[in-house]
Structure formats: structure tokens, C-alpha cells
Amino acid sequence: MSVKRADLVKYFEQNGYSLLREGAKHAIYSNGAKTIPIKRHRTLDRITANALLQAGGLGSEILTAGTIGSAGGRVAQVDRASAF
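Predicted model only: the values in this text are computed from it and were never measured.

**Q** Explain the environment of Arg-5 to me, please; I cannot follow it from the model alone.
**A** Structurally, Arg-5 can be placed in helix 1 (residues 5–14). Sequence separation between Arg-5 and Ala-49 is 44 residues; the distance between their C-alpha atoms is 8.7 Å. Each residue touching Arg-5, except ones within four places of it in the same chain, is listed here: Ala-27, Ile-38, Lys-39, Arg-40, His-41, Arg-42 and Thr-43.

Have a look at this one:
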């Protein structure tokens, strides 16, 4: 499974992160306390996206449908039976 980079960036921005600068291969996002580099690919694998969320203190669970959802500051779980 993969996650769209645009969805991941949008989730970071909704949770207080903003673009700090553009690097050669990464966009650097920061909330003042933490700085997270996000690769500039159209999609990221689920494991990488989970690691970025965990490093940013935003939870660590990507929805199985490949999108990110919020539930009280945490990433929402999805019923696997209804996702397919």
C-alpha cells in the first residue's frame, strides 16, 4: 500500500506543521519544535509514512485505503471489511 504525498503533507499542515524549506530531494516541514523531511515522490510507502507521522508526534497508523484520517489528534482506524 502507498500513501499520496499530497495527503501526507496536508495532514502535517492541518496539525501545525508548515513548509520550512525545499531541499534537493526533500521538503522540510517544521512546527517549531520538530523538523520532518518528506521525500518529494508522488507516493510514499505505508511504512515510511507511518515513520514520518511517528517522528512528528502525530500517531503512526495509516488507513488501509491509503489515505490519512484524523480522530482526536490521532490517525483514524478503518474497518478493513468496509475498505475493500
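**Q** Would you mind going over the confidence of the model for the protein with me for this structure?
**A** Close reading of the predicted structure is inappropriate where its pLDDT is low. Residues of the protein with pLDDT of at least 70 account for 70%, and the chain-wide mean is 79. Across residues 71–84, where pLDDT falls below 50, the model places 24 contacts with residues more than four positions away in sequence or in other chains.

**Q** Would you explain the side chain of Ser-30 in this entry?
**A** Within the secondary structure, Ser-30 is located in strand 3 (residues 26–30). Given a relative accessible area of 12%, Ser-30 falls into the buried group. Polar side-chain contacts of Ser-30 include one of 3.1 Å to the backbone oxygen of Lys-34.

**Q** I tried to follow helix 1 on my own but got confused; where do I start?
**A** Every α-helix carries 3.6 residues per turn, so stepping three or four residues along brings you back to the same face. Looking at helix 1, one finds that the buried residues are Arg-5, Leu-8, Val-9, Tyr-11 and Phe-12. Viewed along the axis of helix 1, the buried residues span an arc of 160°, placing them on a single side of the element. Every exposed residue of helix 1 that faces more than 90 degrees away from the buried side is listed here: Ala-6, Lys-10 and Gln-14. Residue Gly-16 follows helix 1 closely and has a positive phi angle near 95°.

**Q** Is there a simple way to think about helix 2 (residues 46–55) in this case?
**A** For helix 2, the set of buried residues is Ala-49, Asn-50, Leu-52 and Leu-53. Burial along helix 2 is one-sided: seen end-on, the buried residues are contained in an arc of 160°. Summarising the geometry of helix 2, the exposed residues directed more than 90 degrees from the buried face are Ile-47 and Gln-54. Phi for Gly-57, located one or two positions after helix 2, is positive at around 75°.

Procedures and definitions
- Residues numbered from 1 in each chain as written.
- Predicted model: local features only at pLDDT ≥ 70, side-chain atom pairs only at ≥ 80, totals over all residues.
- Heavy atoms only, no water.
- Helix = DSSP H or I, 4+ residues; strand = E, 2+ residues; numbered from the N terminus.
- Contact = heavy atoms within 4.5 Å.
- pLDDT = per-residue confidence, 0-100.
- Buried < 20%, exposed > 50% of the residue type's maximum accessible area, 1.4 Å probe, protein only.
- Polar contact = N/O pair within 3.5 Å; in protein donor to acceptor, adjacent residues only side chain to side chain.
- Arc of directions from axis to C-beta.

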